[in-house]
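Residue-level listing of the chains:
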Amino acid sequence: MNCFVLILLFHLTFAHFDNEINLECKGKKYENVTLTAYYPDYNEDDGYLDKKGKDLSTLQDYLDNRAEFVTLAMDDALNLPYGTKVCVPQLNQHFGHRIILQVRDTSTDLRGSGYKRADICVRSEIDSYDVTVNRQVTLVFL
Ligand SMILES: *[C@@H]1O[C@H](CO)[C@@H](O)[C@H](O)[C@H]1NC(C)=O
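Residues numbered from 1 in each chain as written. Predicted model: local features only at pLDDT ≥ 70, side-chain atom pairs only at ≥ 80, totals over all residues.

**What to know about the overall build of the protein chain**
Next up, step 1: From N to C terminus, the protein chain includes 4 helices and 6 strands.
Next up, step 2: Counting all 142 residues of the protein chain, 27% fall into the buried class.
Next up, step 3: Long-range pairs, those at least 24 residues apart, make up 74% of the contacts in the protein chain between residues at least 6 apart in sequence. (Helix = DSSP H or I, 4+ residues; strand = E, 2+ residues; numbered from the N terminus. Buried ≥ 20, exposed ≤ 12 C-beta atoms within 10 Å, placed from the backbone. Contact = placed C-beta atoms within 7 Å.)

**Structural notes on the environment of Asp 50**
Next up, step 1: The residue Asp 50 is located in the loop between β1 (28-38) and α2 (59-63) in this model.
Next up, step 2: Counting along the chain gives 56 residues from Asp 50 to Thr 106, while the straight-line C-alpha distance between them is 7.7 Å.
Next up, step 3: Setting aside chain neighbours within four positions, we find Asp 50 in contact with Leu 56, Thr 71, Arg 104 and Asp 105.

**A word on unusual backbone geometry**
Only a minority of non-glycine residues have a phi that is not negative, and only a minority of peptide bonds are not trans.
Next up, step 1: Positive phi, normally seen in glycine, also occurs at Asn 32, with a value near 55 degrees.
Next up, step 2: Phi is positive for Asn 79, which is not a glycine, with a value near 55 degrees.
Next up, step 3: Along the chain, Asn 79 falls in the loop between β2 (70-73) and β3 (84-87).
Next up, step 4: Residue Asn 79 is classed as exposed on the basis of its C-beta count, with 6 C-beta atoms lying within 10 Å.

**Section: the nonpolar core**
Next up, step 1: In terms of nonpolar packing, the biggest core is built from 29 residues, with Val 70, Leu 72, Val 86, Val 88, Ala 118, Ile 120 and Cys 121 touching the most fellow members.
Next up, step 2: Considering each element in turn, this core owes the most residues, 4 residues, to β1.
Next up, step 3: Setting aside its immediate chain neighbours within four residues, Ala 118 contacts Val 33, Leu 35, Leu 72, Ala 73, Met 74 and Leu 139. (Core = buried A, V, L, I, M, F, W, Y, C linked by C-beta atoms within 7 Å.)

**Some thoughts on the sheet that holds β3**
Next up, step 1: The 6 strands are arranged β1-β5-β2-β4-β3-β6 in a closed barrel whose pairing can be described as mixed. Pairs of neighbouring strands in the sheet enclose a mean axial angle of 45 degrees, with direction left out of account.
Next up, step 2: Pairing analysis gives 6 bridges linking β1 to strand β6 (residues 135-141), with the strands arranged antiparallel. Its bridge partner lying in β6, Tyr 30 is registered against Leu 139. (Pairing = 2+ DSSP bridges. Axes fitted to C-alpha atoms, helices over the stretch in contact; angles between N-to-C directions.)

**Observations concerning the pairing of β2**
Next up, step 1: Side chains of β2 alternate between two faces, with Val 70 and Leu 72 and Thr 71 and Ala 73 buried alike.
Next up, step 2: Inspection of the sheet shows β2 paired to strand β4 (residues 100-105) by 4 bridges, in the parallel sense. Looking at β4, one finds that Thr 71 is bridged to Gln 102.
Next up, step 3: As paired elements, β2 and strand β5 (residues 117-121) share 2 bridges and run antiparallel to each other. The residue of β5 that forms the bridge with Leu 72 is Ile 120.

**Details of the pairing of β3**
Next up, step 1: In this structure, β3 lies alongside β4, joined through 4 bridges in antiparallel fashion. Among the inter-strand pairings, Thr 84 is bridged to a residue of β4, identified as Val 103.
Next up, step 2: Sheet topology places β3 next to β6; 2 bridges connect them, and they run antiparallel. Directly across from Cys 87, in β6, lies its bridge partner Val 140.

**Side note on the environment of Tyr 39**
Next up, step 1: Turning to its location among the elements, Tyr 39 is positioned in the loop between β1 and α2.
Next up, step 2: Ignoring any residue separated from it by four or fewer positions in sequence, one finds Tyr 39 in contact with Cys 121, Val 122, Arg 123, Ser 124, Glu 125, Asp 127 and Ser 128.

Here's what the structure looks like:
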């Protein structure tokens, strides 16, 4: 009986430890980045596609395990390779889940903003008003 409890405690402790590590983001950091949400627009010809014509991948799809990354839009002038992986500690903390974003989109709006701004793709207009995805964050390039 005692042994069982100990094993259970050991397991819980390690599960927790593992989770903490996974929520951490290691890489090159950019602080105080203004994160703004946008959403696929199915009324426009390519309003639901990224800059290479692939479907936008939303935060909600990712959280539902239906996507392997969340589309992130950034200034094209940064010349970041398509699919550059980004981690945002504030989002990981909020959702208790490691969220991987990939820079796959841009907009005229972001032109000249450099590392000061990033737009995260969410499911709908309603989701785009959530303060969680409209705030100052840290971008960590993995
Ligand atoms: C980010 O903002 C905080 C609080 O305003 C400030 O202390 C910090 O120096 C800023 N960091 C950068 C890299 O600008």
